[in-house]
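Spelled out, the chains give:
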Number of protein chains: 2
Amino acid sequence: VSVSDRLIKELAGVVGEAHVLASPEAMAPHLTDWRGRYTGRALCVVKPAETEQVARVAALCSAARTAMVPQGGNTGLCGGATPDRSGEAVVICMSRLNRIRALDLINDTVTVEAGCVLQRVREAADARERVFPLALAAQGSCEIGGNLSTNAGGVHVLRYGNMRELTLGLEVVLPDGRVWDGLRALRKDNSGYDLKQLFIGAEGTLGIITAAVLKLYPKPRATAVAWAAVPGPAAAVELLGRLRARFGERLTAFEIIARAALDLVLRHIPGARAPIAGEREWHLLIEVDDHWEDIDLAHAIEEALAAELEHGLVLDAVVARSLAQAQAMWNLRENISESQRVEGYSIKHDISVPVSRIPEFIERAGEALRREFDEVRIVCFGHIGDGNLHYNLSRPISLPDDAFIGQAAAANRVVHDLVARLGGSVSAEHGVGQLRRAELTQYKSPVEMDLMRSVKRALDPFDLMNPGKVL
Amino acid sequence: VSVSDRLIKELAGVVGEAHVLASPEAMAPHLTDWRGRYTGRALCVVKPAETEQVARVAALCSAARTAMVPQGGNTGLCGGATPDRSGEAVVICMSRLNRIRALDLINDTVTVEAGCVLQRVREAADARERVFPLALAAQGSCEIGGNLSTNAGGVHVLRYGNMRELTLGLEVVLPDGRVWDGLRALRKDNSGYDLKQLFIGAEGTLGIITAAVLKLYPKPRATAVAWAAVPGPAAAVELLGRLRARFGERLTAFEIIARAALDLVLRHIPGARAPIAGEREWHLLIEVDDHWEDIDLAHAIEEALAAELEHGLVLDAVVARSLAQAQAMWNLRENISESQRVEGYSIKHDISVPVSRIPEFIERAGEALRREFDEVRIVCFGHIGDGNLHYNLSRPISLPDDAFIGQAAAANRVVHDLVARLGGSVSAEHGVGQLRRAELTQYKSPVEMDLMRSVKRALDPFDLMNPGKVL
């Protein structure tokens, strides 16, 4: 038997034959990323159900010097969980490792396995009057291991931080099959290097996260959602500062939606209606939450926005009067990507700059793009409260997809060069994967690239973990 | 000239002769730690004033294969900034590198150099209606570089997190003198490994932090401070959960003070008075803050505590009626260490366990210590809201200091074995330094020690950075 046949057999010995997929049909769902941009090949897909099985799988792959590609819900946006085209890697699908191991209501923590779907963790918390605050469009299918490996963000980062800030401990299978038990449920631990930080956001290139201890928060009991039109991005960030000063941590979401993005949703999503009348260019979706039931947040945010209307920082605003109205506002925001997809190919950017540089970024990026690309349609929206924009370009009506795709590299260059000049990042929350890998070396200093490579070599000396991603 | 004489001369060429200290008298303040537990020797103490000077100092030391010991305000509690006894290391005192480089009120960030005293950063924020929330006893003399290198905690971690959570970017001089410019002011950045996490909490063993971008928060406008007596630690953590559910992020501090700790303060600090009458065993200091000026927090916390008094979770409580009263309550908490010092040597522990295990820890640690050590005086207090206790032992009245010091290793063993069994940490917020170094190998798994050593070797292959600390 060949070396690879023997490995497949050994893997089946660990997880059971039913959980090693080797036929093209069975493997197919695991070999293409969610957006359909990347398709790879693999020796097989293996589905362990326990940490100890993951460890044995890794040990076998390591002994055979075979690459491993950890995969969660396969909802990543950068091809980070898709194997390369060599056909030599083993995809390790973590979806069967999906238990909620413990829920500690006094410590406010939940211990979950990597294959847990985010929505299940959110529901488990909700059932006990807690909130696990990570919230993003893919939450019905993305898995905790992927959320950790990409340091996922979403719409509540403003208040609760990224996945990194929500994590207290990790259990990780190292490339050689050893298990690092860092599954601590501590809010403070300064006993040496904080190793979990290495694996969070490493996109599976340093090891395989198998479980995590995550923070829970008490469930807010009052919520208000408002929609506001503002004169422009500068007014938006100024309003952000005013609302932060007034509402403190209650300010849970602060999203910007440019007119073009809103129009797409109104055009393509049945039942979608603009919350405010008139042709406004810049819109904000604002959410505030509180733990006091007896507080009238709707009144408070209305009052605050009314005061800013008098100062000219707000042009118009409306506060949701019901949960249904609030949900309708959120649906406008959440359906932008879907609406964009209907109109053909789009060139997406997931950038961040300091919040104070957002207005300059939007102005200069728009100018530069309009100068170089005729009829470019800029679809700008996102987490302006975090300095993070999904700055997307939709295919011009007159241009076929192919021609537009040909412009992607040049458009990326325009946008990302500006991001770099403004001290920003070319990947705010989606990660690097395959999509941004080549650009990293362009925008990061040689010292930084060298440090990253040193870390990679130290933890994965044979380059077995998710090769071709990040570095 | 000898190799070391030549190095001293070269260093003087970089920072100026006045800023290289080589006489025993001039060096003395830099060679003993704040608690007076460790005294080392050094080739010289060098005081750079700019990042570029730090880089050249590191390059010279590296070329000469000479160890470097970064030092900030020298207020550390574990001997992490004190050189070993070889006399071969260069102490790099960062205190002259003390500019506030930038303050961005829209991004809510401040960019500061490592030698900035914490209090100055707090005041700079305060002057602009912001708060930099790190607050600890040494804030008048500790420096940001030390706060970063020890991932400092303090009394507001419950709401704002440790220094790690307060940091967006770092500038670091690597052991070979290269500068890593990671001084990003971004709330989201997933473009590769989050390298700053390596240096935060590394106690100067991986590089020299020269500057940082730190988060600011809007300044709270309403505050209430309360003192409560509770039946015991189990009631304390249950009350914590109830108050978190009611007050959310407003709950800024939640400190426990055992009777023995309070008694020390009442005995030794002039003017100190117990906030509530009677012989209560367990006390809590509680602070809530809000951004709404028009909210009556004092009334709200009083109401909440009164309700718990009826349920028996609280035995007695009082809410500060003035800033002076609030300050008096805080002084009781802040003077415990000082009062303890008056009564002679003490064996200190800075432990954490999951908040839910705190009651079990306190009960079992007390039992075990009383079994093994006659007349042991347990002085238990600290950040129970974070699961972090300063679990100290004061010298029994009848025992001379020397005999008590002889018991330290055995007492540590009793306390830390229990901490390990409860999934805790032997250093919650003070770090490892020299004090806990030997214990790390006892309480961490071989896999974890091996990972830490791999990281150390990758970044500091010649073991030049702060040798003999942490690892």
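Residues numbered from 1 in each chain as written. Chains lettered and ligands numbered in written order. Predicted model: local features only at pLDDT ≥ 70, side-chain atom pairs only at ≥ 80, totals over all residues. Heavy atoms only, no water.

Caption draft 1: A look at the overall build of chain A. Looking only at helices and strands, chain A features 17 helices and 19 strands. Its C-alpha atoms give chain A a radius of gyration of 23 Å, within 12% of the compact-globule value 23 Å for 471 residues. When the backbone C-alpha atoms are referred to their principal axes, chain A occupies close to 75 × 55 × 45 Å. Out of the 471 residues belonging to chain A, those deemed buried represent 61%. Summing over all exposed atoms, chain A offers an accessible surface of approximately 17300 Å²; the carbon and sulfur share of this is 50%. For chain A, the distance from the average site of its 53 positive side-chain charges to the average site of its 60 negative ones is 3 Å. (Helix = DSSP H or I, 4+ residues; strand = E, 2+ residues; numbered from the N terminus. Rg over C-alpha atoms; globule rule 2.2 N^0.38 Å. Buried < 20%, exposed > 50% of the residue type's maximum accessible area, 1.4 Å probe, protein only. Areas by Shrake-Rupley, 256 points an atom, 1.4 Å probe, with all protein chains shown as cover. Lys, Arg positive; Asp, Glu negative; His and termini not counted. Charge placed at Lys NZ, Arg CZ, Asp CG, Glu CD.)

Caption draft 2: Examining the pairing of strand E19 (residues 388-394) of chain B more closely. Residues and elements named next belong to chain B. Counting buried positions along E19 gives seven out of seven residues, so the element sits mostly inside the fold. As defined by bridge partners, strand E16 (residues 346-347) adjoins E19 across two bridges and the pair is classed as antiparallel. Looking at E19, one finds that Ile347 is bridged to Leu393. As paired strands, strand E17 (residues 350-352) and E19 are joined by three bridges and run antiparallel to one another. Among the inter-strand pairings, Ile351 is bridged to a residue of E19, identified as Leu389. (Pairing = 2+ DSSP bridges.)

Caption draft 3: Highlighting the packing of aromatic side chains. Following the criterion strictly, the structure yields ten aromatic pairs over all chains and no others. With a centroid separation of 5.0 Å and 70 degrees between ring planes, the pair formed by Phe361 of chain A and Tyr391 of chain A is classed as edge-to-face. Separated by 30 residues along the polypeptide, Phe361 of chain A in helix H13 (residues 358-372) and Tyr391 of chain A in strand E19 (residues 388-394) bring together distant segments of the chain. Each of the two residues, Phe361 of chain A as well as Tyr391 of chain A, counts as buried. If you follow Arg246 of chain A out to its NZ or CZ, it ends over the ring of Trp292 of chain B, 4.9 Å from the centre. Lying across the ring of Phe462 of chain B, Arg65 of chain B places its NZ or CZ 3.5 Å from the centre. (Phe/Tyr/Trp six-rings, centres within 6.5 Å; stacked < 30°, edge-to-face > 60°. Lys NZ or Arg CZ within 6 Å of the ring centre and 35° of its normal.)

Caption draft 4: How the structure looks around the nonpolar core. In this structure, Phe361 of chain A together with Phe361 of chain B are the most contacted members of the largest nonpolar core, which totals 116 residues. The contacts of Phe361 of chain A, once residues within four sequence positions are left out, are Ile351, Val353, Gly366, Leu389, Tyr391, Val415, Leu418, Val419 and Leu422 of chain A. (Core = buried A, V, L, I, M, F, W, Y, C linked by side-chain atoms within 4.5 Å. Contact = heavy atoms within 4.5 Å.)

Caption draft 5: Molecular detail of the side chain of His416 of chain B. All names here are of chain B. Summarising the element assignment, His416 is placed in helix H15 (residues 408-421). Judged by its relative accessible area of 0%, His416 is buried. Those residues in contact with His416, other than ones at most four positions away along the chain, are His349, Ile351, Val426, Arg436, Glu439 and Tyr443.

Caption draft 6: The arrangement of the relation of the copies chain A and chain B in detail. Mapping chain A onto chain B calls for a screw motion: a turn of 180 degrees about the axis and a shift of 0.0 Å along it, with 0.0 Å RMSD after fitting. Given the turn and translation reported, the copies of this chain are related as if by a two-fold rotation axis. Interface overlap between copies is the fraction of interface residues in one copy that are interface residues in the other; for chain A against chain B it reaches 100%, indicating a shared surface. (Least-squares fit on C-alpha atoms with pLDDT ≥ 70 in both.)

Caption draft 7: Highlighting helix H8 (residues 233-247) of chain A. An ideal rise of 1.5 Å per residue puts 21 Å on 15 residues; H8 of chain A measures up with 20 Å between its terminal C-alpha atoms. Pro233, Ala235, Ala236, Val237, Leu239, Leu240, Leu243, Arg244 and Phe247 of chain A are the residues of H8 of chain A that are buried. In this structure, the buried residues of H8 of chain A make contact with strand E12 (222-230), strand E13 (251-258), strand E14 (282-290), helix H10 (297-311) and H13 of chain A together with strand E11 (217-218) of chain B. (Expected span 1.5 Å × (residues − 1).)

Caption draft 8: Structural detail: the pairing of E19 of chain A. All names here are of chain A. Side-chain alternation along E19 places Asn388, His390, Asn392 and Ser394 on one buried face and Leu389, Tyr391 and Leu393 on a second face that is also buried. Inspection of the sheet shows strand E18 (residues 377-383) paired to E19 by seven bridges, in the antiparallel sense. Residue pairing in the sheet places Ile378 in a bridge with Leu393 of E19. Here E18 folds back onto E19, and the loop between the two strands holds four residues, one of which, Gly387, carries a positive phi near 70 degrees.

Caption draft 9: Expanded view of the interface of chain A and chain B. Between chain A and chain B, the residue contacts involve 87 residues of the former and 87 residues of the latter. Summed over both partners, the interface of chain A with chain B comes to about 7000 Å²; 55% of that surface belongs to carbon and sulfur atoms. The salt bridge involving Arg159 of chain A is made with Glu249 of chain B; its shortest N-O contact spans 2.8 Å. Going through the elements one at a time, helix H6 (157-160), strand E9 (179-182), helix H7 (196-199), strand E11 (217-218), H8, H10 and helix H17 (446-459) of chain A are the ones with two or more residues in the side of chain A that touches chain B. In terms of residues, the side of chain A that touches chain B owes the most to one element, H17 of chain A, which gives ten residues. The class makeup of the residues in the side of chain A that touches chain B is 37 nonpolar, 26 polar and 24 charged. (Buried area = accessible area lost by both parts, 1.4 Å probe. Salt bridge = Lys/Arg side-chain N within 4 Å of Asp/Glu carboxyl O. Nonpolar A, V, L, I, M, F, W, Y, C, P; charged D, E, K, R; others polar.)

Caption draft 10: Representation of helix H8 (residues 233-247) of chain B in the model. On its buried face, H8 of chain B sits against E11 of chain A together with strand E12 (222-230), strand E13 (251-258), strand E14 (282-290), helix H10 (297-311) and helix H13 (358-372) of chain B. After H8 of chain B finishes, the residue Gly248 of chain B shows a positive phi value of roughly 55 degrees.

Caption draft 11: Structural detail: unusual backbone geometry. If you check the backbone angles, Glu375 of chain A has positive phi at about 60 degrees while not being a glycine. Within the secondary structure, Glu375 of chain A is located in the loop between H13 and E18. With a phi close to 45 degrees, Asn466 of chain B is a non-glycine residue in the positive phi region. By the element assignment, Asn466 of chain B lies in the segment after helix H17 (446-459). Given the relative accessible area of 1%, Asn466 of chain B is considered buried.

Caption draft 12: A look at the sheet that holds strand E6 (residues 109-113) of chain A. All names here are of chain A. Across the sheet, which stays open at both edges, the five strands sit in the order E5-E6-E10-E8-E9 with antiparallel pairing between neighbours. What marks the edges here is a single partner per strand, and that holds for strand E5 (100-104) and E9. Each adjacent strand pair in this sheet contributes to an overall mean axis angle of 10 degrees, direction not counted. In this structure, E6 lies alongside strand E10 (residues 208-215), joined through five bridges in antiparallel fashion. What sits directly across from Glu113, in E10, is Ala211. Lying on the sheet, helix H3 (residues 51-63) is in contact with E5, strand E8 (167-173), E9 and E10; it crosses E8 at an angle near 45 degrees. (Axes fitted to C-alpha atoms, helices over the stretch in contact; angles between N-to-C directions.)

Caption draft 13: View of the pattern of salt bridges. Residue and element names in this part refer to chain A. In total, this model carries 74 salt bridges over all chains according to the counting rule given. Arg395 is the salt-bridge partner of Asp401, the closest N and O atoms lying 3.0 Å from each other. Residue class for Arg395 comes out buried when judged on its relative accessible area of 19%. Overlapping salt bridges bring together Arg99, Arg101, Glu113 and Glu171 as one network.

Caption draft 14: Main features of the environment of Val415 of chain A. Residue placement: Val415 of chain A occurs in helix H15 (residues 408-421). In this structure the C-alpha to C-alpha distance between Val415 of chain A and Leu369 of chain A, which are 46 residues apart in sequence, comes to 7.9 Å.

Caption draft 15: Representation of the environment of Gly207 of chain A within the structure. All names here are of chain A. Position of Gly207 among the secondary structure elements: in the loop between H7 and E10. A residue is classified by how much of its surface remains accessible, and Gly207, at 7% relative accessible area, is buried. Through-space distance from the C-alpha of Gly207 to that of Ser149 is 9.7 Å; in sequence the pair is 58 residues apart.

Caption draft 16: Quick peek at the state of the cysteines. Residue and element names in this part refer to chain A. Throughout the structure, instances matching the rule amount to zero disulfides over all chains. Here Cys44 stays unpaired: no disulfide links it, and the sulfur of Cys61, its closest cysteine neighbor, is 7.1 Å away. Among the residues examined, Cys44 registers a relative accessible area of 0% and is labelled buried. Here Cys93 stays unpaired: no disulfide links it, and the sulfur of Cys44, its closest cysteine neighbor, is 12 Å away. With a relative accessible area of 2%, Cys93 lands in the buried category. (Disulfide = S-S within 2.5 Å.)

Caption draft 17: Fine view of the confidence of the model for chain A. Looking at chain A as a whole, the pLDDT averages 96, with 100% of positions reaching at least 70. Across the whole predicted complex the pTM is 0.97, and at the interface the ipTM reaches 0.97. (pLDDT = per-residue confidence, 0-100.)

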